[in-house]
Amino acid sequence: QKEVEQNSGPLSVPEGAIASLNCTYSDRGSQSFFWYRQYSGKSPELIMSIYSNGDKEDGRFTAQLNKASQYVSLLIRDSQPSDSATYLCAVSRTGGGNKLTFGTGTQLKVEL
Amino acid sequence: GAGVSQSPSNKVTEKGKDVELRCDPISGHTALYWYRQRLGQGLEFLIYFQGNSAPDKSGLPSDRFSAERTGESVSTLTIQRTQQEDSAVYLCASSLTSGGNTIYFGEGSWLTVV
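Reading the values: rules and limits
- Residues numbered from 1 in each chain as written.
- Chains lettered and ligands numbered in written order.
- Predicted model: local features only at pLDDT ≥ 70, side-chain atom pairs only at ≥ 80, totals over all residues.
- Heavy atoms only, no water.
- Pairing = 2+ DSSP bridges.
- Helix = DSSP H or I, 4+ residues; strand = E, 2+ residues; numbered from the N terminus.
- Axes fitted to C-alpha atoms, helices over the stretch in contact; angles between N-to-C directions.
- Buried < 20%, exposed > 50% of the residue type's maximum accessible area, 1.4 Å probe, protein only.
- Contact = heavy atoms within 4.5 Å.
- 1 Å grid on protein atoms, 1.4 Å probe; cavity = no way out; pocket = protein on both sides within 12 Å on 5 of 7 lines; lining within 4 Å.
- Points joined across faces, edges and corners; volume = space filled by probe spheres on them.
- Nonpolar A, V, L, I, M, F, W, Y, C, P; charged D, E, K, R; others polar.
- Core = buried A, V, L, I, M, F, W, Y, C linked by side-chain atoms within 4.5 Å.
- Buried area = accessible area lost by both parts, 1.4 Å probe.
- Salt bridge = Lys/Arg side-chain N within 4 Å of Asp/Glu carboxyl O.
- Polar contact = N/O pair within 3.5 Å; in protein donor to acceptor, adjacent residues only side chain to side chain.

Draft legend 1. Highlighting the sheet that holds strand β8 (residues 75–79) of chain B. All names here are of chain B. The sheet built from 4 strands is open, its strands ordered β1-β3-β8-β7 with antiparallel pairing. Every other strand in the sheet has two partners, leaving β1 (5–7) and β7 (65–69) as the edge strands with one partner each. Across the sheet, the mean angle from the axis of one strand to that of its neighbour is 15°, orientation sign disregarded. As defined by bridge partners, strand β3 (residues 19–24) adjoins β8 across 5 bridges and the pair is classed as antiparallel. The residue of β8 that forms the bridge with Val 19 is Ile 79.

What follows is the structure, given as structure tokens:
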């Protein structure tokens, strides 16, 4: 079992729709959760972090965390073509030195 | 500097040669990380530094890989006797400390071994 699992996609959504990206993790000691966006040929950029159960909203993005189910998700409202990218889920554990373990990413395509 | 700076941005090398990849973290960031990303794959952790020491080097794939950091600043990742499977982008990142701070990535060094 991979430490962090994501559906590789591609996930295709029409412009203006809600994109839902999911991630599960195996290490119950994980305490910090991140979503990075990576455009093709570019480095990852942080878009959301979440540390406690529940929802965290930032603009069009909402991160959801459920530690009991070891599940974290990212919702993108009013999806735009510029949101087309690979979304990487990453987790770190307390005492792990901020070391991030990444999933393989989900490719999102927002279609006109 | 304003961001994490890596060099070279692209490197093509012959199998069996040694390569050095350099990372200059954001000024004042004490934690520095190296990751590898093969084409179409996720990021693989290689090593991280807190200051000049490396508390976790568990991700280095073999003894051909080594890294050092001096002056709590620049880090060098060295790959000896390169193999074709070493072809990847090597991403460096830094954070203010190693405890729960946001990690910022550089643009990466794209390595191709032919």
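Draft legend 2. Region of interest: the environment of Asp83(A). Residues and elements named next belong to chain A. By the element assignment, Asp 83 lies in the loop between β8 (71–76) and β9 (85–93). We classify Asp 83 as buried; its relative accessible area is 1%. As for Asp 83 and Glu 15, which are separated by 68 residues in sequence, their C-alpha atoms are 9.6 Å apart. When near neighbours in sequence (up to four residues on either side) are disregarded, Asp 83 contacts Arg 37, Arg 60, Phe 61, Ile 76, Asp 78, Leu 108 and Val 110.

Draft legend 3. Representation of the layout of surface pockets in the model. When its volume is computed, the largest pocket comes out at roughly 570 Å³. Along the wall of the largest pocket there are 29 residues; nearest its centre are Gln38(A), Gln37(B), Leu39(B), Gly40(B) and Gln41(B). Every element with two or more residues in the lining of the largest pocket is listed here: β9 and β11 (106–111) of chain A together with β9 (88–95) and β11 (109–113) of chain B. Broken down by class, the residue content of the lining of the largest pocket amounts to 10 nonpolar, 15 polar and 4 charged. There is about 370 Å³ of room inside the second largest pocket. In terms of lining residues, the second largest pocket is bounded by 17 residues, among which Thr101(A), Phe102(A), Leu43(B), Glu44(B) and Phe45(B) are the most central. Elements supplying a minimum of two residues to the lining of the second largest pocket: β10 (101–102) of chain A together with β5 (43–50) of chain B. With 3 residues, the single largest contributor to the lining of the second largest pocket is β5(B). Along the lines of polarity and charge, the residues of the lining of the second largest pocket split into 6 nonpolar, 6 polar and 5 charged.

Draft legend 4. The nonpolar core, seen in detail. Counting 23 residues, the largest nonpolar core has Phe33(A), Trp35(A), Val72(A), Leu74(A), Ile76(A), Tyr87(A) and Leu108(A) as the members making the most contacts within it. Broken down by secondary-structure element, the contributors of at least two residues to this core are β3 (19–25), β4 (30–38), β5 (45–50), β7 (61–66), β8, β9 and β11 of chain A. Excluding its chain neighbours within four sequence positions, the residues that come into contact with Val72(A) are Leu21(A), Asn22(A), Cys23(A), Phe33(A), Trp35(A), Ile50(A), Gln64(A), Leu65(A) and Cys89(A). Residues Val19(B), Leu32(B), Cys92(B) and Val113(B) belong to the second largest nonpolar core, which totals 19 residues.

Draft legend 5. Representation of the interface of chain B and chain A. Of the residues lining the interface, 23 residues belong to chain B; the matching set on chain A comes to 17 residues. With both sides pooled, the region where chain B packs onto chain A buries about 1,500 Å², and carbon together with sulfur makes up 52% of that total. Joining chain B to chain A, the criterion identifies 1 salt bridge. Note that Asp56(B) and Lys99(A) form a salt bridge whose closest N and O atoms lie 3.5 Å from each other. Our count for the contact surface shared by chain B and chain A stands at 6 residue pairs in polar contact (both at pLDDT 80 or more). When its residues are assigned to classes, the side of chain B that touches chain A shows 9 nonpolar, 12 polar and 2 charged.

On their own, these measurements won't tell you what the molecule is for.
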